[in-house]
Amino acid sequence: MRVPIIAGNWKMNKTVSEAIDLVRELRRLVIDVEKVEIVVCPPFVALSSVAEALSGTKIKVGAQNVYFEEKGAYTGEVSAAMLAGLGEYVIIGHSERRQYFGETDESVNQKVKAALAHGLKPIVCVGENLKQYEANETGAVVSLQIKSGLVGLTVEQLKSIVIAYEPIWAIGTGKAATGAGANSVVSINIRGPLSELFGESIAQATRVQYGGSVTPGNIAEFMAMPEIDGALVGGASLKANDFAEIIKATAKAK
Ligand code: 13P
């Protein structure tokens, strides 16, 4: 029922010409893949070139951030209206944005609403840090992020949302969560609050990705989990071969 979705978050990597090279290679490698939605999220400056290089393919484009205001004197920011023609998805509330750029559940909520108002599909990131994980606070942290980040949305709007569960201690560390651990957080602390807020049927229909040190070597473990519908991939999405392997393994597993 839920179409698996693999997205590559390139973070602050790749010049425009490197970005074009990467997606040209990727498009060749995944040409035969069916049943998996594929998204690449390059930096803002490469969005338009990447979209052009991918036109006519099934690979979709997303941004890594968006500002919630419509327009105006917000130096350095990019609005949802500006992104609307360039990509279909936008990552919102990534832990690096929360950690280094002061994003909060409240700004995440504003950004989600702005994105939806312009027809963009948000990939909303949630996840606990190491201290919270060690203090057994994962459940409370993640449910609160879900509830506050998505407050005020309609069931109809929720249909355009993808959630990414990314434990911060697993990001870029080479220490991924276990499939079973992530599956349980998704089931209890993500679908649980979604069901409370929006009802069981949309909670079951919403796609939830796992993110954090996903590689060709461990993707099968995550995709074997019934509650996990794909992955948000950082480092491994910068190499066409690795990203293609992850996509193919997902097609095989789901
Ligand atoms: P890594 O796959 O590099 O751990 O990054 C995960 C991530 O933050 C994706 O958004």
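Whatever comes next refers back to the structure up there.
The following refers to the structure shown. Quantities reported herein were computed from a predicted structural model and do not represent experimental measurements. (Residues numbered from 1 in each chain as written. Predicted model: local features only at pLDDT ≥ 70, side-chain atom pairs only at ≥ 80, totals over all residues. Heavy atoms only, no water.)

As a matter of local geometry, the ligand sits amid Asn9, Lys11, His94, Glu166, Ala170, Ile171, Gly172, Gly212, Ser213, Leu232, Gly234 and Gly235. With respect to the ligand, the side chain of lysine 11 contributes an N or O atom lying 2.8 Å from an oxygen atom. At 2.6 Å, a backbone N or O of glycine 172 approaches an oxygen atom of the ligand. When isolated, the ligand has an accessible area of 310 Å², and the protein chains bury 95% of it. Split into classes, the residues belonging to the shell around the ligand amount to 3 nonpolar, 7 polar and 2 charged. (Near = heavy atom within 4 Å. Polar contact = N/O pair within 3.5 Å; in protein donor to acceptor, adjacent residues only side chain to side chain. Areas by Shrake-Rupley, 256 points an atom, 1.4 Å probe, with all protein chains shown as cover. Nonpolar A, V, L, I, M, F, W, Y, C, P; charged D, E, K, R; others polar.)

Let's shift gears to the sheet that holds strand β7 (residues 207-211). Consider a sheet: its strands pair through backbone hydrogen bonds, and that pairing is either parallel or antiparallel. Here we have 8 strands rolled up into a closed barrel, ordered β1-β2-β3-β4-β5-β6-β7-β8, and parallel in their pairing. Direction aside, the axes of adjacent strands within the sheet are offset by 25° on average. Here strand β5 (residues 121-126) runs beside strand β6 (residues 162-165); their pairing, made up of 4 bridges, is parallel. If you follow valine 126 over to β6, its bridge partner there is tyrosine 165. (Pairing = 2+ DSSP bridges. Helix = DSSP H or I, 4+ residues; strand = E, 2+ residues; numbered from the N terminus. Axes fitted to C-alpha atoms, helices over the stretch in contact; angles between N-to-C directions.)

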